[in-house]
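Single-letter residue listing:
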Amino acid sequence: MTEATVQGDVLEWALEDSGVNRDEILEAVGLSWRAAQSIHLSGPLTIDEEHLEYIAKQTRRSIYFFALPAPPTDSRHSVDANFRAPMSNTGQARSLNPDERVAIRDAKRRQQAAAKISTELGHDPVRLPTIPPDMSPENAATRVAVWLQWGDIGERRKRIKSKSRMFVAIRDALEGHGIMTNVLPIEGDSLRGFTLHHDHVPLIFVNGEVKHPQARSFTLLHELAHLLRGVDKACDKHDLQARTSEEAWCNRFAAAFLMPKAELRTYMEKYLKKGFIQDNDVDAVRRIAGYFYCSHYSVAIRLKQLGLANARLVDAVSGDYVEPEEKGFVPGGQTRAQKRLAAYGSGLARLFGQALQYTAVSEIEVRKTLNLHSKAELQSFLALGREAV
């Protein structure tokens, strides 16, 4: 059997950084005595190549990572210590699992590649709207809507005809103002999204496993609120249903952006003939959600926020409540270039297109970053990015 030599410190670093169960991994590869005695691994270790491949798979690392002579020292390899973990169902922060850590690490890699290009091209830092700590979610949502040139309900309904199109419209607006958005799957839909700050390339990630477009829209806006308030944070489903502190502020911001107060009151008076929604009136919630193209939960918390419903209505559409799924949201038969644009956003496509034009980056580098297999796929990706303007 072929053997490989790895540095114990590198192995320890990978096990800790990936969030796996260290003792279980060591036991599986024949190092159970070290796990049992909590002995820190150091110095050169000889491991069967098959065991090394197992460790690489469990820690979501390339097998070549374990050829490093010492653990990494720069942050691009790891999740930063000040990155806030998502909330568990007990209300406490939980540990990120290996797949979530990989998603954050890969997003940072794309962000840093884009930031390097942006700086080399002489782009100015992205100017996000200023949101003071004491500003209400209502006023913050109004300020952001002006910044994004979002328009009133009449203007929006001319160009947005479904919950799917609402998500695309919000995403396009953010991309157009310099915020990179990623939509990629992380196994399970518990983790909804996260934010990564940067002066030139602020980034919002939405878990592609969340299939409901209205849930994606709410997540995108919730994460935008974190970004504007200066927080790098991963958000779980429990964060997006929190009713206290920072998470509740972000929820109220998202709901206020989707349903401005005057527009919501006008709709209720004109179409529902109601000034208050009763605790069990889920049908009214459904109708409001259909008009504003948002989730039932966001409707309920918005109504409660404005004194148009009470907490029991929020309870009625929280927890295990399941909304009807909009048909046709997930397209099929996409080309690789279309899938990459859907995953990484049009802003990154335009940035890479400009970088190639000015030879600030090579075609091979771009294709490697985007996992595109040919020059034709790259050209298609760039063309799709130009069309999205």
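The model shown is predicted, which means the values in this text are computed figures rather than measured ones.

1. Remarks on the overall build of the chain
No. 1: When its secondary structure is counted, the chain shows 18 helices and six strands.
No. 2: The C-alpha atoms of the chain give 23 Å as radius of gyration, which agrees with the globular expectation for 389 residues (21 Å, within 12%).
No. 3: Viewed in the frame of its principal axes, the chain has a C-alpha envelope of about 75 × 50 × 40 Å.
No. 4: The long-range share in the chain, meaning contacts at least 24 apart out of those at least 6 apart in sequence, stands at 70%.
No. 5: For the chain, the accessible surface area stands at approximately 18,600 Å², while carbon and sulfur atoms represent 49% of it.

2. Here's the deal with the packing of helix 8 (residues 163-176) against helix 9 (residues 213-228)
No. 1: Closest axis-to-axis distance for the helix 8/helix 9 pair is 7 Å, and the angle between their directions is 25°. By the angle between their directions, the pair helix 8 and helix 9 is classed as roughly parallel. For the pair helix 8 and helix 9, the crossing hand works out as left-handed. Along the contact surface, helix 8 presents Lys163, Ser164, Met166, Phe167, Ile170, Arg171 and Leu174, while helix 9 presents Pro213, Gln214, Arg216, Ser217, Leu220, Leu221 and Leu224.
No. 2: Broken down by class, the residue content of the contact of helix 8 with helix 9 amounts to eight nonpolar, three polar and three charged.

3. Describing the packing of helix 1 (residues 8-18) against helix 5 (residues 98-120)
No. 1: Running from N to C, helix 1 and helix 5 cross one another at 100°; their axes reach a closest spacing of 9 Å. If you check the angle between helix 1 and helix 5, you find them roughly perpendicular. For the pair helix 1 and helix 5, the contacting residues are Glu16, Asp17 and Ser18 in the first and Pro98, Arg101 and Arg105 in the second.
No. 2: Looking at the contact of helix 1 with helix 5 residue by residue, the class counts come to one nonpolar, one polar and four charged.

4. Description of the sheet that holds strand 3 (residues 180-184)
No. 1: Sheet architecture is open: four strands sit in the order 3-5-4-6, paired in mixed fashion. The open sheet has two free edges, formed respectively by strand 3 and strand 6 (234-236), since each of these has just one partner strand. Averaged over all adjacent pairs, the angle separating strand axes in this sheet is 15°, with direction ignored.
No. 2: One ladder, built from five bridges, connects strand 3 with strand 5 (residues 203-207); its direction is parallel. Bridge pairing links Met180 to Leu203 in strand 5.

5. Points about the nonpolar core
No. 1: By size, the foremost hydrophobic cluster in this structure holds 62 residues, and its most contacted members are Leu224, Phe253, Ile288, Phe292 and Leu303.
No. 2: With eight residues, the single largest contributor to this core is helix 10 (residues 245-258).
No. 3: Sequence-distant contacts of Leu303, defined by excluding residues within four places in its chain, comprise Leu264, Met268, Ile277, Ile288, Leu308, Ala309 and Leu313.
No. 4: Counting residues in each nonpolar core, the second largest holds 33 residues, with Ala115, Phe194, Leu341 and Leu351 among its members.

6. Regarding the side chain of Arg110
No. 1: Relative to the elements of secondary structure, Arg110 occurs in helix 5.
No. 2: Despite being buried, Arg110 has no salt bridge partner; Asp106 is the closest side chain of opposite charge, sitting 5.1 Å away.
No. 3: Within the structure, the side chain of Arg110 is placed 2.9 Å from the side chain of Asn182, a separation counted as a polar contact.
No. 4: Apart from the residues lying within four places of it in its own chain, the contact partners of Arg110 are Met180, Asn182, Leu184, Phe205, Tyr344 and Thr369.

7. A closer look at the pattern of salt bridges
No. 1: Applying the stated rule across the entire model yields 15 salt bridges.
No. 2: Salt-bridge contacts for Lys274 lead to Asp281; the nearest nitrogen and oxygen are separated by 2.5 Å.
No. 3: Since its relative accessible area comes to 16%, Asp281 is described here as buried.
No. 4: Across the pair Arg286 and Asp283 runs a salt bridge whose closest N-O atoms are separated by 2.6 Å. A residue pair is termed a helical-turn pair when its members lie 3 or 4 positions apart in one helix, as Arg286 and Asp283 do in helix 12 (residues 282-292) at three residues.
No. 5: Classification of Arg286 by relative accessible area gives partly exposed; the value is 44%.
No. 6: In this structure, a network of salt bridges that share partners links the residues Glu12, Arg22 and Asp23.

8. Examining the environment of Lys116
No. 1: With respect to the secondary-structure elements, Lys116 resides in helix 5.
No. 2: By relative accessible area, which is 51% here, Lys116 ends up exposed.
No. 3: Separated by 84 residues in the primary sequence, Lys116 and His200 have C-alpha atoms spaced 9.0 Å apart.

9. A look at the environment of Val210
No. 1: Within the secondary structure, Val210 is located in the loop between strand 5 and helix 9.
No. 2: The class of Val210 is buried, set by a relative accessible area of 4%.
No. 3: For the pair Val210 and Leu191, spaced 19 residues apart in the sequence, the C-alpha separation amounts to 8.9 Å.

Conventions adopted
Residues numbered from 1 in each chain as written. Predicted model: local features only at pLDDT ≥ 70, side-chain atom pairs only at ≥ 80, totals over all residues. Heavy atoms only, no water. Helix = DSSP H or I, 4+ residues; strand = E, 2+ residues; numbered from the N terminus. Rg over C-alpha atoms; globule rule 2.2 N^0.38 Å. Contact = heavy atoms within 4.5 Å. Areas by Shrake-Rupley, 256 points an atom, 1.4 Å probe, with all protein chains shown as cover. Axes fitted to C-alpha atoms, helices over the stretch in contact; angles between N-to-C directions. Parallel < 35°, antiparallel > 145°, perpendicular 65-115°, else oblique. Left-handed = near helix turned anticlockwise from the far one by under 90°. Nonpolar A, V, L, I, M, F, W, Y, C, P; charged D, E, K, R; others polar. Pairing = 2+ DSSP bridges. Core = buried A, V, L, I, M, F, W, Y, C linked by side-chain atoms within 4.5 Å. Buried < 20%, exposed > 50% of the residue type's maximum accessible area, 1.4 Å probe, protein only. Lys, Arg positive; Asp, Glu negative; His and termini not counted. Salt bridge = Lys/Arg side-chain N within 4 Å of Asp/Glu carboxyl O. Polar contact = N/O pair within 3.5 Å; in protein donor to acceptor, adjacent residues only side chain to side chain.

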